[in-house]
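So the chains spell out like this:
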Amino acid sequence: MAAACVWWAGTRLTGYLDAIADRTGIGQAFAGMLLLGGITSLPEIAAASTSSWTGNASLAINNLL
C-alpha cells in the first residue's frame with residue numbers, strides 16, 4: 001500500500017511540476033531540483049521542529065548538523 005501511495009503521489013507531483021515550470025518559465029530540471037530538495041528535507045524539518053517544540057534543543061541542533 002505504501003509503494004502504491006508513493007507511486008501515485010510521484011505521478012501527481014510530476015504533473016504539478018510541469019505546470020509550475022510552464023507558468024513560471026523556469027526549466028523543468030531546475031523546478032524538479034527544487035521540489036526534490038524540498039521533499040528530501042521534510043524529515044529533517046519535522047525532527048528539528050518536533051524536538052525544539054518538546055524542549056530537546058540538543059537533538060534539534062544535532063539533527064541540523
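A brief look at the structure comes next.

Calculation rules
- Residues numbered from 1 in each chain as written.
- Predicted model: local features only at pLDDT ≥ 70, side-chain atom pairs only at ≥ 80, totals over all residues.
- Heavy atoms only, no water.
- Helix = DSSP H or I, 4+ residues; strand = E, 2+ residues; numbered from the N terminus.
- Rg over C-alpha atoms; globule rule 2.2 N^0.38 Å.
- Axes fitted to C-alpha atoms, helices over the stretch in contact; angles between N-to-C directions.
- Parallel < 35°, antiparallel > 145°, perpendicular 65-115°, else oblique.
- Left-handed = near helix turned anticlockwise from the far one by under 90°.
- Contact = heavy atoms within 4.5 Å.
- Buried < 20%, exposed > 50% of the residue type's maximum accessible area, 1.4 Å probe, protein only.
- Nonpolar A, V, L, I, M, F, W, Y, C, P; charged D, E, K, R; others polar.
- Expected span 1.5 Å × (residues − 1).

Here's the deal with the overall build of the protein
A tally of regular secondary structure across the protein gives 3 helices and 0 strands. Along its sequence from the N terminus, the protein presents helices and strands in the succession α-α-α. The globule rule puts the C-alpha radius of gyration for 65 residues at 11 Å, and the 16 Å found for the protein is more than 25% above it. Its C-alpha atoms put the protein at 45 × 30 × 15 Å along the principal axes.

Side note on the packing of helix α2 (residues 28-53) against helix α3 (residues 57-64)
Remark: α2 packs on α3, axes separated minimally by 7 Å, with the N-to-C direction vectors making an angle of 160 degrees. By the angle between their axes, α2 is roughly antiparallel relative to α3. For the pair α2 and α3, the crossing hand works out as left-handed. Across the interface between the two elements, Glu44, Ala47, Ala48, Ser51 and Ser52 of α2 pack against Ala57, Leu59, Ala60, Asn63 and Leu64 of α3.

Considerations on the environment of Ser52
As for its position among the elements, Ser52 is in helix α2. Here Ser52 falls in the partly exposed class, since its relative accessible area comes to 45%. For the pair Ser52 and Leu17, spaced 35 residues apart in sequence, the C-alpha separation works out to 32 Å.

Examining the packing of helix α1 (residues 2-24) against α2
Packing of α1 against α2 brings their axes to within 9 Å, and their N-to-C directions diverge by 130 degrees. Comparing the axis directions of α1 and α2 gives the class oblique. As α1 runs across α2, the sense of the crossing is right-handed. Between α1 and α2, the residues in contact are Leu13, Leu17, Asp18 and Ala21 and Gln28, Ala31, Gly32, Leu35 and Ile39, respectively. When the residues that make up the contact of α1 with α2 are grouped by side-chain class, the tally is 6 nonpolar, 2 polar and 1 charged.

Remarks on α1
Along its 23 residues, α1 runs 32 Å from first to last C-alpha, staying within 8% of the 33 Å computed at 1.5 Å per residue. Where α1 terminates, the next one or two residues include Gly25, which has phi positive at roughly 85 degrees.

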